Amino acid sequence: MSQIDENQIHDRLKRLSQVEPGQEATNRAMQKVRNAITGEQTIPKLRLRLPHFFVKLAAAAVLMIGAGFVGGRLSAPEPLYMQQLQATLESSLKSSLEPVIRRQLQDEIDNRLQLAFAANNNTLKRELAQQVRRDMETYANQTLTAVSNLTDQRLIEFARMIEAARIKERQRVAAAFDYMGSRFGDGLVTLAARRDNLWDAERVGPAPDISEN
Amino acid sequence: MRSRQKELLELLDKSGADLYALLTRLTLREEVAEELMQELFIKLNNSRGFGKIANWNAYARRSAINLAFDWRRSQKQTVLALGQVAEPVSNDDSPLGKLIHSEELQETLDAVGRLKKASREVLIMRYLQQKSYDNIAEKLGKTSHQVRALCSRAIRNLRDILGSNEHKSSKKEIHNVTNR
């Protein structure tokens, strides 16, 4: 099921172990933590050490400020046509500023996009070319391997066929020799028999002629 | 209260850099590591069983690992806008290489997060912090042999998780192709 091997996992873990934060970032993080630790301790102590007098003074000040605020709100004249004024201002500001802001925003986005595309274009081209080259090399290697394997297989099959043909040929020759051997033996036997007959005939001589008597 | 502060500051001086590096490796984001580092020490400061903790280093390391993987889990559930995605830490300059490496590392870290806690801690100490087996054994109160076995099992589990991920993704790709 698993297609990833342990070497790849070790490689990835090694890469992870090589990730190091910068010295500046480390110092900053440690300083922040140090501030957090010491800050958290000092704030409650300061609050505890406040004298009772200051607490009363602060409460009185808050009361006075609150009273002044309420009095001021009650004595101030009511805002007239506030909503209308706000609506008018809003519409006029909107009509004057919106197209300008929109245009500027669009220009800025265009500029940024163009810059980003210009910067990334060459890098992407190079990356793409490298990737295509790598893919082609892989494809060529695979094709070569496949062709080589196929050729080997065909050669083995060819050798097997030649061997089979040779064995068949030998069997036929052997059969022919057997046949010839058997025929040669029969011929010799026949020859010997005929020769024996001839010899017998010569030894006995010609048959007497009894036709004169 | 003062003794706790003192101990935390000592811990920060002694292991702060290591903890920060560990958090950076587990999150692959320096700014997140910084936040988590702060959170870690605030948690340590507010922990109730302060007097009962015998080994502060081990406790802090374990808490840091848990915080980092909690963050990773929460990130999975949050859909980030394009502008919010920060550049991950990477040594490769090319964009494609960065992307592939970053994907692989994120996938590996997610798989590490799915391991059991004991295996995960040993694996992180051994492979991410590059500590020796003897050192890990001493810190965890185990034998070196046990640590080796744990590491080996963790790698095997990691391979299974990553393998099943690949299997799933390849099946999904095939499904997508056939749908087209």
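Just above sits the structure.
S.K.: Please explain the overall build of chain A as it appears in this structure.
M.R.: When you go through chain A residue by residue, the secondary structure sums to 4 helices and 0 strands. The order of α-helices and β-strands along chain A, N terminus first, is α-α-α-α. The buried share of chain A, taken over its 213 residues, is 9%. Just so you have it, chain A exposes about 18800 Å², and 62% of that area is on carbon and sulfur atoms.

S.K.: Just to check I follow, could you spell out the packing of aromatic side chains for this structure?
M.R.: The geometry of an aromatic ring pair is captured by the separation of the ring centres together with the interplanar angle, meaning the angle of the planes. All names here are of chain B. Summed over the entire model, instances satisfying the criterion amount to 1 aromatic pair over all chains. The interplanar angle of 85° and the centroid separation of 6.1 Å between the aromatic rings of W56 and Y59 together place this pair among those described as edge-to-face. Taken together, the residues span about one helical turn, with W56 and Y59 both in helix α3 (residues 56-77) at a distance of 3 residues. Over the ring of Y133 we find R126; its NZ or CZ atom is 4.3 Å from the centre of that ring.

S.K.: It is not clear to me how the packing of helix α5 (residues 117-128) of chain B against helix α6 (residues 133-140) of chain B should be interpreted in this structure. Could you clarify?
M.R.: Helices that pack against each other are described as a pair by the angle of their axes relative to one another and the distance between those axes. Residue and element names in this part refer to chain B. Packing of α5 against α6 brings their axes to within 10 Å, and their N-to-C directions diverge by 145°. Seen from above, α5 lies across α6 with right-handed handedness. Residues E121, V122, M125, R126 and Y127 of α5 pack against Y133, I136, K139 and L140 of α6. Tallied by class, the residues present in the contact of α5 with α6 amount to 6 nonpolar, no polar and 3 charged.

S.K.: Is there a simple way to explain unusual backbone geometry in this structure?
M.R.: Outside of glycine, negative phi angles account for most residues, and trans bonds account for most peptide bonds. All names here are of chain B. Of note in this structure, L28 is not a glycine but carries a positive phi near 60°. Note on placement: L28 falls in the loop between α1 (2-27) and α2 (30-46). Not every positive phi belongs to a glycine, and Q130 is a case in point at roughly 55°. Of note, Q130 is situated in the loop between α5 and α6.

S.K.: Got a minute to help me understand the interface of chain A and chain B in this structure?
M.R.: Interface extent is often summarised as the accessible area lost during association of the parts. Facing 35 residues of chain A, the contacting portion of chain B comprises 46 residues. At the boundary of chain A and chain B, one finds 7 salt bridges. When the shortest N-O distance is used, the salt bridge between B:E34 and A:K32 registers 3.2 Å. Every element with two or more residues in the side of chain A that touches chain B is listed here: α1 (6-17), α2 (23-49) and α4 (82-204) of chain A. When grouped by side-chain class, the residues that make up the side of chain A that touches chain B number 13 nonpolar, 11 polar and 11 charged.

S.K.: Can you walk me through α2(B) in this structure?
M.R.: Residues three or four positions apart in an α-helix share a direction because the helix packs 3.6 residues into each turn. Taking 1.5 Å of rise per residue, 17 residues should cover 24 Å, and α2(B) covers 24 Å from first to last C-alpha, within 8% of that figure. Turning to α2(B), its buried residues number three or more, namely B:V32, B:A33, B:E34, B:L36, B:M37, B:Q38, B:L40, B:F41, B:L44 and B:N45.

S.K.: Help me understand the packing of α1(A) against α5(B), please; the structure alone is not making it clear to me.
M.R.: Two elements in contact, α1(A) and α5(B), have axes separated by 9 Å at closest approach and are oriented at 75°. As summarised for this structure, α1(A) and α5(B) are arranged roughly perpendicular, according to the angle between their axes. Contacts between α1(A) and α5(B) involve A:H10, A:L13, A:L16 and A:S17 from the first element and B:L123, B:Y127 and B:L128 from the second. The residue inventory of the contact of α1(A) with α5(B), partitioned by class, reads 5 nonpolar, 2 polar and no charged.

Reading the values: rules and limits
- Each chain has its residues counted from 1, running along the sequence as written.
- The lettering of chains begins at A and the numbering of ligands begins at 1, in the order of writing.
- Per-residue local features are limited, in this predicted model, to residues with pLDDT of at least 70; the limit for side-chain atom pairs, both in listing and counting, is 80 or more; totals at the level of whole chains, interfaces and linings are taken over all residues.
- Side-chain metrics in this entry use all non-hydrogen atoms of the structure; hydrogen atoms and water are not considered.
- Going along the chain from the N terminus, every DSSP run of H or I of four or more residues is numbered as a helix, and every run of E of two or more is numbered as a strand.
- Only protein chains enter the calculation, and the probe is 1.4 Å; a residue is then buried if its accessible area is under 20% of its type maximum, exposed if over 50%, and partly exposed in between.
- Throughout, the Shrake-Rupley method with a 1.4 Å probe supplies accessible areas, and for residues the shown protein chains are the sole cover considered.
- Each pair of aromatic rings taken from Phe, Tyr and Trp, with Trp reduced to its six-membered ring, is defined by centres within 6.5 Å and is described as stacked if the planes are under 30 degrees apart, edge-to-face if over 60, and tilted in the remaining cases.
- Our definition puts a charge over a ring when NZ of Lys or CZ of Arg is within 6 Å of the ring centre and also within 35 degrees of the ring normal.
- Interaxial angle, 0 to 180 degrees, is taken between N-to-C directions of lines fitted to C-alpha atoms, where a helix line uses only the stretch in contact.
- Definitions for this section: a left-handed crossing has its near helix turned counterclockwise from the far helix by less than a right angle. A right-handed crossing has that turn clockwise.
- By the convention used here, residues are in contact when the closest approach between their heavy atoms is within 4.5 Å.
- Here the term charged refers only to Asp, Glu, Lys and Arg, the term nonpolar to Ala, Val, Leu, Ile, Met, Phe, Trp, Tyr, Cys and Pro, and the term polar to all other amino acids, Gly among them.
- The rule for a salt bridge is simple: a side-chain nitrogen of Lys or Arg has to be within 4 Å of a carboxyl oxygen of Asp or Glu.
- Every helix has an expected span of 1.5 Å times one less than the residues it contains.
- Any angle from 65 to 115 degrees is called roughly perpendicular, while one under 35 is roughly parallel, one over 145 is roughly antiparallel, and all others are oblique.

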